[in-house]
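One letter stands for each residue in the lines below.
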Amino acid sequence: MSRAVESDQHVSASVLAAYSYCEAVTGSQARNFAYGIRLLPTPKRRAMSALYALSRRVDDIGDGELALDVKAQRLDDTRALVARIRAGEVHEGDTDPVAVALSHAAAHFPIPLEGLDELIDGVLKDVRGETYETWEDLKVYCRCVAGAIGRLSLGVFGTERGALHAERAPEYADTLGLALQLTNILRDVREDALDGRTYLPADDLAKFGCSAGFAGSEPPAGADFAGLVHFEVRRARALFAEGYRLLPMLDRRSGACVAAMAGIYRRLLDRIEREPEAVLRGRVSLPGREKAYVAVRGLSGLDARNVSRQTVRRRV
C-alpha cells in the first residue's frame, strides 16, 4: 500500500515546478507511457513522471554520442545522484528538477530505488556493446532495463489491501517488464542494427538463419525471418500472460494504467506478428485512436476481470 500523499496545497512551488518539468519530459519523449499514466490520480502520475525522467536521462546517456569513457562517468554520476536521493540528501532548492521530483516521490511512496541502479547496470551493458548468446543471457539485461522499471512502478501503484498472492506482485511486475522489453526489441530490430546493436539471442538468430543481422530493409538471404519473429512473439505472449496476473492486485486506476501500457504493446506485438518484415522497413506503431481504445478498455477493468477469471479457472 502507498503511504499517504500530500495534496497540492501542501506541496511547495519548487516541488510542483519540478514535477511539471518531469511531466513535460514524459509527454514529449514517451507517448505510450504518457498515455498510460494519464489514467492515474495526480500524485501517482507525478511520481511516475519523475521515475520516467530519471530513467530517460540514463537511457539518453547510453544512446548519446559521447565517448565511452564519458558515458561511463555520466552513469557513475547518476548512480551517485540516486544514492543521494535514497539517503534523503536532495533538498527542494536543488537545481536538478528531476532529483527534486524523485526525492519527493520517494518520500511519499515506497519506491525501491535500487531498481535505478539495476537500470544503470543494464545501460552499461549497452555502452560496452554486450551481446547475448541465449535467452537466459538476454533476460538478465531485460530485467535490468525493464523488469526493474516494473518493480519501481509497483512502488508507486501499491497493491490492494487483501489482494490474493500480493507477495508475488513484484515478480509479476518484473515479468511484465520483460514482455514489454522483448516487444521493444522486436519493434526496433532494424534501428538497433543500424546503431551496431544486436539484442536477440545469438542461438535464436542462428536457428533461423539470421546471424548476418538486419542492416537492410530485407531479411538476410535464405533466412527464415518470419519464423524468428513468430518464435519471439510466442515468448513475449507467454511473458504477457504471466505478467498480467499483476492486474487484479492493483487498485482500479493503477490497474487501468498498467493495462493501457501493456495493451498498447500487446497490440504492437499483434501487428509485428501479422507482418514481420515491417519492422525492417520502419518503426511499427499504433494510431492515437487505437491507443485511446486500449486506455478505455483498461479503465473499464475488463483486462483485470479477464485475468481474474482465468486465474480462477486454473485453480478449479
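Our structure is the block above this text.
Worth saying up front: this structure is predicted, and the values here are computed from it rather than measured. (Residues numbered from 1 in each chain as written. Predicted model: local features only at pLDDT ≥ 70, side-chain atom pairs only at ≥ 80, totals over all residues. Heavy atoms only, no water.)

Here the focus is the overall build of the chain. Counting its regular elements, the chain contains 14 helices and 0 strands. Shown N-terminal to C-terminal, the secondary structure of the chain runs as helices and strands in the order α-α-α-α-α-α-α-α-α-α-α-α-α-α. In the chain, which comprises 316 residues, the share counted as buried stands at 51%. Counting only contacts in the chain whose residues sit at least 6 apart along the sequence, the fraction spanning at least 24 positions is 73%. (Helix = DSSP H or I, 4+ residues; strand = E, 2+ residues; numbered from the N terminus. Buried < 20%, exposed > 50% of the residue type's maximum accessible area, 1.4 Å probe, protein only. Contact = heavy atoms within 4.5 Å.)

One pass over the structure, following the stated rule, counts 5 aromatic pairs. Relative to tyrosine 141, the ring of tyrosine 132 lies with its centre 5.5 Å away and its plane at 35°, an arrangement referred to as tilted. Across the pair, tyrosine 141 and tyrosine 132 agree in class, each one buried. Taking NZ or CZ as reference, arginine 266 lies 4.8 Å from the ring centre of tyrosine 244, over its face. (Phe/Tyr/Trp six-rings, centres within 6.5 Å; stacked < 30°, edge-to-face > 60°. Lys NZ or Arg CZ within 6 Å of the ring centre and 35° of its normal.)

Attention now moves to the side chain of arginine 235. With respect to the helices and strands, the residue arginine 235 is situated in helix 11 (residues 225-243). With residues up to four places along the chain from it excluded, the contact list for arginine 235 reads Trp135, Leu182, Pro201 and Asp204.

Evaluation of the coordinates by the stated rule reveals 25 salt bridges. A salt bridge links arginine 45 to glutamate 23; the shortest N-O distance between them is 2.7 Å. Within this pair, whereas arginine 45 is found in helix 3 (residues 42-63), its partner glutamate 23 is found in helix 1 (residues 13-29), the two being separated by 22 residues in sequence. A relative accessible area of 25% means that glutamate 23 is categorised as partly exposed. Within the structure, one salt-bridge network assembled from shared partners comprises Arg79, Arg86, Asp117 and Asp121. (Salt bridge = Lys/Arg side-chain N within 4 Å of Asp/Glu carboxyl O.)

Nothing here speaks to function; it is geometry throughout.
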